[in-house]
Amino acid sequence: MDSPRPSLPCPFAKVHPSQLRRDDEFYMWLAYNEAIAAWQEDEVPIGAIIELDGKIIAAAHNQRDSTRDPTAHAEILALGQAAKAVDNWRLTGATLYVTKEPCPMCSGATLMARLKRVVYAVPDAKMGCLGGAVDLNALPHSNHHLEISRGLLEKPCLDLLRAYFQLKRKED
Ligand SMILES: [Zn+2]
């Protein structure tokens, strides 16, 4: 059994966007809140939301340490939840909102899930695979392509990540 993770106070507050305007920013703020939940579990603060037809069908955050699972990234966990919610591995028409550009594994998974769109906040020139380091969405012979939006709420999501890593460096 997993031992409970120590909780880590987060100096950033969750945001409560108006429910009235369910636009990209609304969903990204919810992903941001998931990232804060990750921080509170002493995990790298990355969060993800999946929306389909105006409904949130998945909300998850990075749980790599607590599960000791290298695949327990926010996006992978969210894709699993979403597939369960619609009872189908094909997430046609769905949009993933994530606070950092997906890694090679997660970028691949978004394509395999046939998502309609991916919206990410912070680009990742090192490991991002939807345009940052490489672009898996541009595979020339792939028969599925995503719509991608980059940089939405980049600053708050980046501030969160930077502050977390700064804290961890101090601890070392
Ligand atoms: Zn990933």
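If you're wondering where the values come from, they're calculated on a predicted model, not measured in any experiment. (Residues numbered from 1 in each chain as written. Predicted model: local features only at pLDDT ≥ 70, side-chain atom pairs only at ≥ 80, totals over all residues.)

1. Things to note about the pairing of strand S3 (residues 95–100)
- Judged by how many residues are buried, S3 sits mostly within the fold: 5 of 6 residues are covered.
- The sheet contact formed by strand S1 (residues 47–52) and S3 spans 4 bridges and is antiparallel. Across the sheet, the residue bridging to Ala48 is Val98, located in S3.
- As defined by bridge partners, S3 adjoins strand S4 (residues 117–122) across 5 bridges and the pair is classed as parallel. From the neighbouring strand, Thr95 faces S4, where its bridge partner is Arg117.
- Since S3 and S4 lie parallel, the crossover through helix H4 (residues 104–112) that links them has a hand, and here it is right-handed. (Buried ≥ 20, exposed ≤ 12 C-beta atoms within 10 Å, placed from the backbone. Helix = DSSP H or I, 4+ residues; strand = E, 2+ residues; numbered from the N terminus. Pairing = 2+ DSSP bridges. Right-handed = clockwise from strand over helix to strand, strands pointing away.)

2. Considering helix H1 (residues 24–40)
- For H1, built from 17 residues, the straight-helix expectation of 24 Å at 1.5 Å per residue is met to within 8% by its first-to-last C-alpha distance of 25 Å.
- Across the 17 residues of H1, 12 count as buried, placing the element largely inside the fold.
- For H1, the complete set of buried residues consists of Tyr27, Met28, Trp29, Leu30, Ala31, Tyr32, Asn33, Glu34, Ala35, Ala37, Ala38 and Trp39.
- Elements that come into contact with the buried residues of H1 comprise S1, strand S2 (55–61), helix H3 (74–86), S3, S4 and helix H5 (154–171).
- Positive phi appears at Asp42, one or two residues downstream of H1, with a value of about 60°. (Expected span 1.5 Å × (residues − 1). Contact = placed C-beta atoms within 7 Å.)

3. Digging into the nonpolar core
- Core analysis: the largest hydrophobic core is formed by 47 residues, its most contacted members being Met28, Ala31, Ala48, Ile49, Ala78 and Tyr97.
- Elements that contribute at least two residues to this core include exactly H1, S1, S2, H3, S3, H4, S4 and H5.
- The leading source of residues in this core is H1, at 10 residues.
- Apart from the residues lying within four places of it in its own chain, the contact partners of Met28 are Tyr97, Val119, Ala121, Leu152 and Leu153. (Core = buried A, V, L, I, M, F, W, Y, C linked by C-beta atoms within 7 Å.)

4. As for the packing of H3 against H4
- As a packed pair, H3 and H4 sit with axes 9 Å apart at the nearest point and diverge in direction by 25°. It follows that H3 is roughly parallel to H4 by the angle criterion. In this structure, H3 meets H4 at a crossing whose hand is left-handed. Where H3 abuts H4, its residues Glu75, Ile76 and Leu79 lie against Cys106, Ala109 and Thr110.
- Residues that form the contact of H3 with H4 fall into these classes: 4 nonpolar, 1 polar and 1 charged. (Axes fitted to C-alpha atoms, helices over the stretch in contact; angles between N-to-C directions. Parallel < 35°, antiparallel > 145°, perpendicular 65-115°, else oblique. Left-handed = near helix turned anticlockwise from the far one by under 90°. Nonpolar A, V, L, I, M, F, W, Y, C, P; charged D, E, K, R; others polar.)

5. Notes on the packing of H1 against H5
- The geometry of H1 relative to H5 is characterised by a closest axis approach of 10 Å and an angle of 10° between their N-to-C directions. With respect to H5, the axis of H1 lies roughly parallel. In contact with Tyr32, Ala35 and Trp39 of H1, H5 contributes Pro156, Cys157, Leu160 and Tyr164.
- Of the residues contributing to the contact of H1 with H5, the split by class is 7 nonpolar, no polar and no charged.

6. What to know about unusual backbone geometry
- Of note in this structure, Asp53 is not a glycine but carries a positive phi near 50°.
- Relative to the helices and strands, Asp53 resides in the loop between S1 and S2.
- Given 7 C-beta atoms within a 10 Å radius, Asp53 is considered exposed.
- Residues other than glycine seldom take positive phi values, yet Arg114 does so here, at roughly 60°.
- Tracing the backbone through its elements, the reader meets Arg114 in the loop between H4 and S4.
- For Arg114, a count of 16 C-beta atoms within 10 Å puts it in the partly exposed group.

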